[in-house]
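Architecture and fold: a report
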Amino acid sequence: YPFLAPSTKHRRMPCGSLCYLRTKALSVRRHNEFFASADSSSHENVLPRLDSSFSTGWDFLSKTTQQSVLEDGNKIEKLKAEKDGSLAWQEIQKYSQMLRSGNVDWEDIPPEDLDIRLKWAGFFHRKKRAPGTFMVRLRLPNGVIWDYQLKALCRFLRRYDLQNTCFDITTRQNLQLRGIRLDDASIFLEELHRLEIGCFQSGMDNVRNIVGSPLAGIDPYELYDTRGICFALDEMISNRGRGKPDFANLPRKFNIAVGSSSTDTVHGHINDLAFLPVAKCDHSGIVLFDILIGGLLSPKRNEASRRLKLWIPESSILAVTRIVLEIYRDFGLRNSRATSRFVYLVESWGLERMKAEIARRLEESNVEWFTSLKDSIVDHSAPLIGSEIFGVNSQRQQGRFFLGCHVPVGRLTVEEADALADIASNYSEGEIRLTVDQNFILPNIDRTKIEGVLREPLLRERFSYEPKPLLKGLVSCTGSQFCGLALIETKNRAMELSMVLHEMLDFPDGQAIRIHWTGCPNSCGQAQVANIGLMGAPAKRNGKLVEGVDIYLGGKLGVNSTLGTLYRKGIPCDFKYLLPVMIELLQTHFGARLKSHI
Ligand code: SRM
Ligand code: SF4
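Below: a short report on this structure.

This part is about the overall build of the chain. Within the chain, the secondary structure is distributed over 18 helices and 24 strands. Buried positions account for 63% of the 598 residues belonging to the chain. Sequence separation of 24 or more characterises 70% of the internal contacts of the chain that already satisfy a separation of 6 or more. Accessible surface for the chain amounts to roughly 23200 Å². Of this, 49% is attributable to carbon and sulfur atoms.

Written out as structure tokens, the structure reads:
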């Protein structure tokens, strides 16, 4: 495969079922097929691509769980019992056709399908903010997307008024597309299938996008290349995003991340299940992983995950994940939505019982695991990079470089995404890697092409490779522009506040200061992970309720990661009130200095 980058050429993935190399080879073949068929007006039906058994998520629940759900389950559990979400793709086809025939309007569709069930297929009705249109959440394991895929997505979105569409890079290194209508939805699904991009099981009670290191395979300090395992996990859990019922009826959402080194690019500590490499054997090259469980951010509570103190080689990651998901599916609490995340099961059993059960099942399936780390195994100590991935960086491959670029609060217009795909074609062999900080990396740039890529107007003017300190780590959730749960507008405000602060303050060491905005206590913008987190909350001004924020302080990444804690409550978003608080914080805790003219 002459098109393979040197970083992947000779790599054999230990995880077996779907290796990265095969995925890339397939993707390129698909690329050619796709362009060959792209202009044909007939969309032959490539759906369904589900498991041939056609069982549903409900069928995978034990009789005891089914019984207890029917007796004591919450509202969503009852809804799943009526018609399991793993069949939502059929609803998409059905409603799409009905709408195209002109016999029904989207408003006639039962709300439990329109607003809830379709989320199992990745279609989120924006009922409050853009009624009749959908946000579609993809599944991009390890955050990898290719030029031809992005271009084809742009081409699809061009059928709409471009003012109403855009792409958002998410805090799970994923993409969301906006403005899609249900009458086009089945055609869109077929396009996604042709492109080998998944979107099924990206919402509701499913495992979310599998997060891996955006520097996988190119990081000079890396212990482990996460791409193969992220694809293999996605394959096992969601049939590469095309739907797999085994884990489609969990008690609640479930987050998984796989790290590559102590360089914290995955935020493992806030995932329900994370695998972080801790050691590499000098002789065999085998990497051992720490298993972390029970991390979450939610309105009710925020917890960093706990170490299970049980170590596994890379070859056991799939088995451990399957075991943990089966335990969660079969024993997770299903009576209240607020207490059904995995951490509540871990606590109701206790960490020791959970560990013993996982170990028992591993033993039963003859899977390798260790109870202690041996002396002969070398500990790693990579520098902490986190959000410092910007600009031109050397890769582990001689003569190759990656370019880290900043996307203001993760949003791209269709034109920008299209132009980015062209840049990737010209400089990074077509590959784009998304980060959990809502930015991107262009990998594998040849030395001879560096000058050219740095001159690209899109990267000089819009997606800067030299962002200012407050932009380097700026993250924002969707907020009230599109999210019905939002208490405040976030993305525009986040940008505006950062620009104003840059006009007033100097940051002598130029280091990233990670500021995260999140529009409500669900904390999709991961406020507790940030140095400074701003969370939408009610505030009072002159006795009246206004948009405000609670401020979190002290989130740290890396091996000693810590969640930020509440620092101030109810500050009005009006800059008259918010600006002085931020200036004081940045001066006191982050070495900022007022500019001389202020
Ligand atoms: Fe989230 C619900 C957006 C990452 C915790 N999240 C939502 C919904 C679907 C609500 C809705 O229907 O409107 C938001 C869609 C808004 C929209 O139009 O975009 C939404 N969440 C997002 C994204 C797009 C924020 C972003 O701008 O990046 C992220 C999509 C990630 C992805 O690609 O899958 C996103 N959400 C997160 C994270 C961060 C993470 O995963 O690391 C969290 C906290 C971590 C966690 O889950 O432990 C998060 N989202 C929630 C919750 C609270 C969950 C809980 O257990 O209480 C909800 C509400 C719910 O599930 O009931 C929620
Ligand atoms: Fe919506 Fe709240 Fe999540 Fe922001 S944090 S995307 S406002 S649910």
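Take the pairing of strand β14 (residues 400-405) next. Where a strand is regular, its side chains alternate between the two sheet faces. Counted residue by residue, β14 has six buried out of six residues, so it is predominantly covered. Burial along β14 is two-sided: R400, F402 and G404 and F401, L403 and C405, pointing in opposite directions, are all buried. As defined by bridge partners, strand β13 (residues 391-394) adjoins β14 across four bridges and the pair is classed as antiparallel. Of the residues in β14, the one forming a bridge with N393 is F402. Taking the residues between adjacent antiparallel strands as the criterion, β13 and β14 are bridged by five residues, where G399 takes a positive phi near 80 degrees.

Every α-helical turn comprises 3.6 residues, leaving residues that sit three or four positions apart pointing alike. Restricting attention to buried positions, one finds in helix α4 (residues 75-82) the residues I76, E77, L79 and K80. Along the axis of α4, the buried positions cluster into a sector of 160 degrees, meaning they face one direction only. Across from the buried face of α4, at angles greater than 90 degrees, the exposed residues are K75 and E82. Elements that come into contact with the buried residues of α4 comprise α3 (63-72) and α6 (111-116). Between the side-chain oxygen of the N-cap and the backbone nitrogen of I76 there are 3.0 Å, and the N-cap of α4 in question is N74.

With that out of the way, let us pick up the site of ligand 2. Neighbouring ligand 2 are C477, T478, G479, C483, L485, A486, T518, G519, C520, N522, S523 and C524. Here the shell around ligand 2 is built from residues that sort into six nonpolar, six polar and no charged.

Here we come to the sheet that holds strand β21 (residues 532-541). Pairing is mixed in the open sheet, where five strands are placed in the order β18-β20-β21-β22-β23. Each having just a single partner strand, β18 (475-476) and β23 (565-572) make up the two edges of the open sheet. Both strand β20 (residues 515-518) and β21 contribute to a ladder of four bridges, which runs parallel. Looking across to β21, one finds that H516 is bridged to G533. Across the face of the sheet, helix α17 (residues 491-504) comes into contact with β18, β20 and β22 (544-553) while running at roughly 150 degrees to β20. With respect to the sheet, helix α18 (residues 575-590) is in contact with β20, β21, β22 and β23, its orientation differing from that of β23 by roughly 155 degrees.

It is the contact of helix α10 (residues 317-331) with helix α12 (residues 351-364), at a shortest axis distance of 10 Å, that shows an interaxial angle of 125 degrees. One element, α10, and the other, α12, form an angle in the oblique class. Two packed elements cross with a definite hand, and for α10 against α12 that hand is right-handed. Side by side, α10 and α12 meet where V320, I323, V324, E326, I327 and F331 of the first sit next to M354, E357, I358, R361 and L362 of the second.

Definitions and cut-offs
The residue numbering used here restarts from 1 in each chain and proceeds along that chain's sequence as written. As a convention, the first chain written is A and the first ligand written is 1, with the rest following in written order. Note on the predicted model: pLDDT of at least 70 is required for a residue's local features to be given, and 80 or more for side-chain atom pairs to be given and counted; whole-chain, interface and lining totals, by contrast, use all residues. Water and hydrogen atoms were dropped before computing side-chain values, which therefore reflect all heavy atoms in the structure. Strands are runs of DSSP state E lasting at least two residues, helices are runs of H or I lasting at least four, and both sets are numbered from the N terminus onward. Categorising residues by exposure relies on relative accessible area from a 1.4 Å probe, with only protein chains included: less than 20% of the type maximum marks a residue as buried, more than 50% marks it as exposed, and the intermediate range marks it as partly exposed. The contact definition used throughout considers only heavy atoms, calling two residues in contact when any of these lie within 4.5 Å. All accessible-area figures derive from a Shrake-Rupley calculation using a 1.4 Å probe, and residue coverage is judged against the displayed protein chains alone. Following DSSP output, two strands are said to pair if at least two bridges run between them. What the arc measures is the spread of directions leading from the helix axis to the C-beta atoms. Here a polar contact is recorded for every N or O atom pair within 3.5 Å, except that within protein the pair must consist of a potential hydrogen donor and a potential acceptor, and residues adjacent in sequence are included only if both atoms are side-chain atoms. The cutoff for a nearby residue is simple: one of its non-hydrogen atoms must lie within 4 Å of the molecule or strand. Nonpolar residues are Ala, Val, Leu, Ile, Met, Phe, Trp, Tyr, Cys and Pro. Charged residues are Asp, Glu, Lys and Arg, and all others, Gly as well, are polar. Only C-alpha atoms enter the line fits that serve as axes; for helices the fit covers just the stretch in contact. Angles between N-to-C directions range over 0 to 180 degrees. For classification purposes, angles smaller than 35 degrees are called roughly parallel, those larger than 145 roughly antiparallel, those between 65 and 115 roughly perpendicular, and all remaining angles oblique. Rotating anticlockwise by less than a right angle from the far helix to the near helix defines a left-handed crossing, while the corresponding clockwise rotation defines a right-handed one.

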